[in-house]
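For reference, the chains in residue letters:
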Amino acid sequence: MARALQPVPGPPRSILRSEAFRWVVFAGVALGLWEVGARLYNSPFLLPAPSRILQEFLKTPTLVLGHAWITTQEIVLGFLLGALIAHLAALLLLVLPEWLEDFIFRAVSTLNSIPFVALASLVVVWLGVGSIGSKVAIAALYAFFALVYFVHKGMVSTDTTKEELLTSYSANFFQRVRYLKLPFALPIIFTSLKGAAMAAVNGAIVGELFGAFQGLGFMILDSRYVGNTARVFLAAVCCAIVGWLLLGMLTALERRFVGWHLEMTRRS
Amino acid sequence: MKKIIGLLAAGILAVLALGSAQNNLTKATMIESWFIHAESIGDPVAVEKGFYKDAGLDVTVVPGGPGLSPIDRVMAESKAGRLVFGIDYPYNLLEARQKQKLPLVILAADFQGSAMHILSWQPISKPSDIKGTFATWIGYDKPIKAVIGKGWDKQIQVVNQQGDPATLGGWLAKQYPFASAMVYNEVMVAEKQAKDKYYLYSYKDFGVDWPENVLFTTEDVLKKYPNEVKRFVQARYKGFRYALDNPEEAGKILAKYNPNLDIPFELKGLEQIKKIMVTADTQQNGLGYVDTAKLQKMAQQLQAAGILESASLSGFVNPVPSGVK
Amino acid sequence: MSSRLPTNLVPMLVVALVIVLLYYPLMLLANVPAAQQALDTGADLGCKTALDCATQLRSPVLPSPAQLALGFRNLMFPLDSPNAIPLNAAVTALETGMGLLLAAILGFFFAVGLVASRAFERSLLPWIVASQTVPIIAIAPMLVVVLGQYGVQGWIPKALIAAYIAFFPIAIGVAKGLRSPDPLSLDLMKTYNANNLQTYLKLRFPASVPYLFTAFKVAMTAALIGAIVAEISTISFQGIGKMLAENSRASDVVAMWVIMIASAFLGILLVAVVGWLEKVVTPWKR
């Protein structure tokens, strides 16, 4: 198992190069279509062209980057917090007696079905208007619920024969997690971490819609109010870029830790 | 090492001295009804030009935003025994006072007339021409209801403009015929974006002529801080006067409080604001003049439209003259 | 299943009872300081002690059960009123359900594509991943107006936004499920000389069902949140989100709580429907 965790020596260079190339092509095609579409549609208050959005950025680049930086902090902190709690919760669920595990899992899924946007304006009042605490909390909440199901599922659905093997080795709980459950769940964890990153982006923005005076969510609202749609899109683009960076990092980590699995699924 | 300790001690002393100097000022909070834009310009200017400080006040200007009711926030601060002021529309305050029994009191009025107008794709000659979907911000739908009167719900469907792209996008895309528009914001957006001929009406054209953006506080604050309230009002309108006289400089101050703003756009808005802030009444009685007769008429019209149960203003209006002409 | 039900039900009920019992003292604990402060400033609350006032504050930290009950009565009736919860909740449920359905169909086919073809994954996955990081709240208002220009109005744009949010968890979940059969079973299919379609029908699809329903449950909540956010942040005439937006401006804290609890029930109900479907579709589980 430990050997399987080693990165697969392969031709990473050429893959990386072609991967980057594909993204450039993707970005070029998307931006080109958007520019043409926006010009044809000719309602800049509904669909501004990328060139206009770029102009908007060049007007106040440091300010926009400042807003983006604040939101990035909220996203990253919220993501880390949510992911940490989700993993702790999944581990906790493993050691609890079955009826309690079942009950807590039900409680979590019930909580998950509460639309927390409804809470957002109240959370802001509790955690303070203008602070980033409430936004981090909401981003963490979004990330947590995007993860906890899948981590739990990944941890419990290990093969019974392998479980029995470890029992015959008289492995303790931590060994069980370290050598069987975690490696087995890792591919699922990485996939859902990506989902959680996107959820954290959305959570931070939802948080900023209530009681924020800085950050991309605030920029969206305040620019919408004065009819500056290009700036709204600029904020959305910034969010997307932050999201991509986060996803890129997670993908790199995924390659590092579960490259073997990616290879296997591709071959099958 | 000793030097460092000496420096530190000097630093701490300096901070303490500064702290005690500021302690002579009474802390106050000014809660705006929206993010900081041109309509709030008097407050940042009064802070930055030291008008509040001269009045013995250390004022924190707090922006509003969606989901943040100035009434709630003023009530919370007031319950905690602090000196607090807010900005909202008089009808929302009167409604909260009558229905929720909140001890809200009007001190002054920024806008003598309505900044809110009606944008329409078709000409309106009488209130019964207003039929169909009418977009307005939640909480700002009472003037149109008063224009139509009882039975408004059979004539119009009010939709929340807060969800509108570009603040007017739905109207500009002709998804509904009518939208309410602030003269310092949406009206300017329409000028820029509308491709076809449209019509602009004032609520005054239909007999609804109410003050807007009124400064309010609570009865508790008035009782506890009578002198500070007076000094606050005077300093605040000094700030507005200064901003109206020196728009360029005020614009720079505004940009400090909300860097996201397009300052030329805001200053254009300020010109419109000037028209409803400076009137014959205020030239005589000072900026922020409260026309009680207008408020009384407002209460009667709201009662007639079935929005309020009583037209009584008892205890609601406590004008504090600013003396700033 | 019938043998499991009581073991779930008993602790559920116990905890529910504990929560109900704890709520009252917790509510008092939260509200008494606020009430005391209000009394100290000499406000006339119509009650004498802080303890009395704690249950009747106008903007309570936690509303008292009586306030909640009153709030529910005010917001639930008349049942067919456009301003009451039932009709608005129904609209939101419709948007969520249709959104989930659409997301399920698209997500399913997308997942099959991902698993079946490397070229498909390479060419489409970047687009999908990239699109998912765009905050829908920012784009939703424009989207609704643009769609409206082409006659797509009412609940449909909100359902589309819900679908957009629910799509990704479903696609990923199904793809995981389709890949879940172990290599041994896949080899077995090969020894049976099964073709690709048969492998999908007999092995991959059945194997993906548990993943599918887990994904559905997550996606259902995501879709509900998407629908509510869409209602809050766009022009809307009906729905829970519209009620929330209105009442948050009217600063009615009790109403906010009531709507929140109602939307929680809606969420639980919708997830329960998925759970019920799961039991019907996979009777062999549990």
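Note that the structure is predicted; figures quoted are calculated from it, not measured.

A.B. asks: Mind showing me how you'd approach the overall build of chain B here?
C.D. replies: Helices and strands together make up the secondary structure of chain B, namely 15 helices and 10 strands. Relative to its length of 325 residues, chain B is compact, with a C-alpha radius of gyration of 21 Å against a globular reference of 20 Å. Overall size of chain B, expressed as C-alpha extent along the three principal axes, is 80 × 45 × 35 Å. Counting all 325 residues of chain B, 54% fall into the buried class.

A.B. asks: Could you clarify how one ought to interpret the overall build of chain A in this entry?
C.D. replies: Assigned secondary structure in chain A consists of 10 helices and 0 strands. When the helices and strands of chain A are read in sequence order from the N terminus, they spell out α-α-α-α-α-α-α-α-α-α. Evaluated residue by residue, chain A yields a buried proportion of 44% over its 268 residues. Across chain A, contacts joining residues at least 24 apart in sequence account for 78% of those joining residues at least 6 apart.

A.B. asks: Any chance you could explain the sheet that holds strand 5 (residues 116-120) of chain B here in plain terms?
C.D. replies: Note on sheets: strands pair through backbone hydrogen bonds, and any given pair is parallel or antiparallel. Residues and elements named next belong to chain B. Spatially, 5 strands are ordered 7-6-8-5-9 in an open sheet, and the strand pairing comes out mixed. Strand pairing shows two members of the sheet lacking a second neighbour, strand 7 (156-160) and strand 9 (199-202), which therefore form its edges. Here the average twist between neighbouring strands, direction ignored, is 30°. Taken strand by strand, helix 9 (residues 186-193) contacts strand 5, strand 8 (178-182) and strand 9, and its axis lies near 115° from that of strand 8.

A.B. asks: I keep staring at the nonpolar core and nothing clicks. Help me out?
C.D. replies: If you look at soluble globular proteins, the nonpolar side chains tend to sit buried side by side. In this structure, Ala143, Leu147 and Ala200 of chain A together with Ala166, Ala219 and Ala223 of chain C are the most contacted members of the largest nonpolar core, which totals 240 residues. For Ala200 of chain A, the residues in contact, after removing those within four places along its chain, are Ile75, Gly78, Phe79, Gly82, Ala139, Tyr142 and Ala143 of chain A.

A.B. asks: Explain the interface of chain C and chain A to me, please; I cannot follow it from the model alone.
C.D. replies: Interfaces are often described in size by the accessible area the parts lose on coming together. Counting residues at the interface gives 47 residues for chain C, matched by 45 residues for chain A. Tallied by class, the residues present in the side of chain C that touches chain A amount to 34 nonpolar, 9 polar and 4 charged.

A.B. asks: Hey, could you run me through the environment of Leu26 of chain C in this one?
C.D. replies: For Leu26 of chain C, the position within the fold is in helix 1 (residues 4-40). Expressed as a C-alpha distance, the spacing of Leu26 of chain C and Ser64 of chain C, which sit 38 residues apart in the sequence, is 9.9 Å.

A.B. asks: Teacher, can you tell me more about the environment of Trp244 of chain A here?
C.D. replies: By secondary structure assignment, the location of Trp244 of chain A is in helix 10 (residues 229-267). Overall, the presence of 17 C-beta atoms within 10 Å leaves Trp244 of chain A in the partly exposed class. The sequence separation of Trp244 of chain A and Phe257 of chain A amounts to 13 residues, and the corresponding C-alpha distance is 20 Å. Apart from residues no more than four positions distant in its own chain, Trp244 of chain A is found in contact with Ala130 and Thr133 of chain C.

A.B. asks: Explain the environment of Asp291 of chain B to me, please; I cannot follow it from the model alone.
C.D. replies: All names here are of chain B. Mapped onto the secondary structure, Asp291 falls in the loop between helix 14 (280-285) and helix 15 (292-304). Separated by 183 residues in the primary sequence, Asp291 and Ala108 place their C-alpha atoms 9.1 Å from one another. When near neighbours in sequence (up to four residues on either side) are disregarded, Asp291 contacts Gln112, Pro211 and Asp281.

A.B. asks: Explanation requested: the packing of helix 6 (residues 136-149) of chain C against helix 9 (residues 196-233) of chain C in the structure shown.
C.D. replies: Each pair of packed helices gets described by two things: the angle between the helix axes and the distance between those axes. Residue and element names in this part refer to chain C. Two elements in contact, helix 6 and helix 9, have axes whose closest approach is 9 Å; the angle formed by their N-to-C orientations is 60°. Classed by the angle they form, the pair helix 6 and helix 9 counts as oblique. Considering only the axes of helix 6 and helix 9, their crossing is right-handed. Residues Ile136, Ile137, Ala140 and Pro141 of helix 6 touch helix 9, and the partners they reach there are Gly226, Val229, Ala230 and Ser233. Residues of the contact of helix 6 with helix 9, tallied by class, amount to 6 nonpolar, 2 polar and no charged.

A.B. asks: Is there a simple way to explain the sheet that holds strand 3 (residues 83-88) of chain B in this structure?
C.D. replies: Residue and element names in this part refer to chain B. Spatial strand order, 2-1-3-10-4: 5 strands in an open sheet with mixed pairing. The strands lining the two open edges of the sheet, one partner per strand, are strand 2 (57-62) and strand 4 (104-111). The sheet shows a mean angle of 25° between the axes of neighbouring strands, direction not considered. Strand direction decides the pairing type here: strand 3 and strand 10 (residues 212-218), joined by 3 bridges, are antiparallel.

A.B. asks: Sorry, what's going on with the packing of helix 12 (residues 247-257) of chain B against helix 13 (residues 263-277) of chain B here?
C.D. replies: All names here are of chain B. One way to put it is that helix 12 packs onto helix 13 with a least axis distance of 10 Å and a crossing angle of 125°. As the angle between them shows, helix 12 and helix 13 are arranged oblique. For helix 12 against helix 13, the interelement crossing comes out right-handed. On helix 13, the residues that touch Pro247, Gly251, Leu254 and Ala255 of helix 12 are Ile263, Glu266, Leu267 and Leu270. Each residue belonging to the contact of helix 12 with helix 13 can be placed in one class, and the counts come to 6 nonpolar, 1 polar and 1 charged.

A.B. asks: Quick question: what am I supposed to make of helix 12 of chain B here?
C.D. replies: Residue and element names in this part refer to chain B. Taken together, the buried positions of helix 12 are occupied by Pro247, Ala250, Ile253, Leu254 and Tyr257. One side of helix 12 holds all its buried residues, which, seen down the axis, span an arc of 120°. Exposed and facing more than 90 degrees away from the buried side of helix 12 are Glu248, Lys252 and Lys256. Tucked inside the fold, the buried residues of helix 12 contact helix 2 (42-48), strand 2, helix 11 (226-245) and helix 13.

A.B. asks: What is the right way to read the confidence of the model for chain B from this model?
C.D. replies: Fine structural detail should not be taken from predicted coordinates in areas where pLDDT scores are low. Residue and element names in this part refer to chain B. Counting all residues, the mean pLDDT for chain B is 87, and 93% of those residues have values of 70 or more. The low-confidence segment residues 15-21, where pLDDT is below 50, has 0 contacts with residues more than four positions distant or belonging to other chains. Both scores are available for the predicted complex, with the pTM at 0.81 and the ipTM at 0.76.

A.B. asks: I'm lost on unusual backbone geometry in this one. Help?
C.D. replies: What you tend to see is this: most non-glycine residues have negative phi, and most peptide bonds are trans. With phi around 55°, Asn42 of chain A is a residue other than glycine that occupies positive phi space. Here Asn42 of chain A is to be found in the loop between helix 1 (12-41) and helix 2 (50-59). Looking at Asn42 of chain A, the number of C-beta atoms within 10 Å reads 10, which means it is exposed. We note that Asn213 of chain B has phi near 45°; this positive angle belongs to a residue other than glycine.

A.B. asks: What should I look at first to understand the confidence of the model for chain A in this one?
C.D. replies: Looking at chain A as a whole, the pLDDT averages 81, with 82% of positions reaching at least 70. Note on residues 1-8 of chain A: pLDDT is under 50 here. Beyond four places in sequence and across chains, it has 10 contacts.

A.B. asks: Would you mind going over the pairing of strand 7 of chain B with me for this structure?
C.D. replies: Consecutive side chains along a regular strand alternate between the two faces of the sheet. Residues and elements named next belong to chain B. Counting buried positions over the 5 residues of strand 7 gives 4, a clear majority of the element. Two elements, strand 6 (residues 132-136) and strand 7, share 5 bridges in a ladder whose sense is parallel. Its bridge partner lying in strand 7, Thr136 is registered against Asn160.

Conventions and cut-offs
Here, residues in each chain are numbered from 1, in the same order as that chain's written sequence. Both sets of labels track the order of writing: A upward for chains, 1 upward for ligands. For this predicted model, a pLDDT threshold of at least 70 governs which residues receive local features, and a threshold of 80 or more governs which side-chain atom pairs are given and counted, while totals over whole chains, interfaces and linings are taken from all residues. Each helix is a run of H or I in the DSSP string that is no shorter than four residues. Each strand is a run of E no shorter than two, and both are numbered from the N terminus. We compute the radius of gyration over the C-alpha atoms and compare it with the globule rule, which gives 2.2 Å times the number of residues raised to the power 0.38. Exposure is read from a count of other C-beta atoms within 10 Å of each residue's own; the residue is exposed at 12 or fewer, buried at 20 or more and partly exposed in between. C-beta atoms are placed from the backbone. Once C-beta atoms are placed from the backbone, any two residues with those atoms within 7 Å are in contact. Paired strands, as defined in this entry, are two strands with at least two bridges between them according to DSSP. To get an axis, fit a line to the C-alpha atoms, keeping to the stretch in contact for a helix; angles then go from 0 to 180 degrees between the N-to-C directions. For this entry, the nonpolar core is defined as buried Ala, Val, Leu, Ile, Met, Phe, Trp, Tyr and Cys residues connected by C-beta atoms within 7 Å. Under the scheme applied, nonpolar residues are Ala, Val, Leu, Ile, Met, Phe, Trp, Tyr, Cys and Pro; charged residues are Asp, Glu, Lys and Arg; polar residues are all the others, including Gly. Angles are sorted into four bins: roughly parallel if under 35 degrees, roughly antiparallel if over 145, roughly perpendicular if 65 to 115, and oblique for all others. In this scheme, a crossing is called left-handed if the near helix is turned counterclockwise away from the far one by less than a right angle; it is called right-handed if the turn is clockwise. Directions are taken from the helix axis to each C-beta atom, and the arc is the one they span. The pLDDT score gives, residue by residue, the confidence of the prediction method on a 0 to 100 scale.

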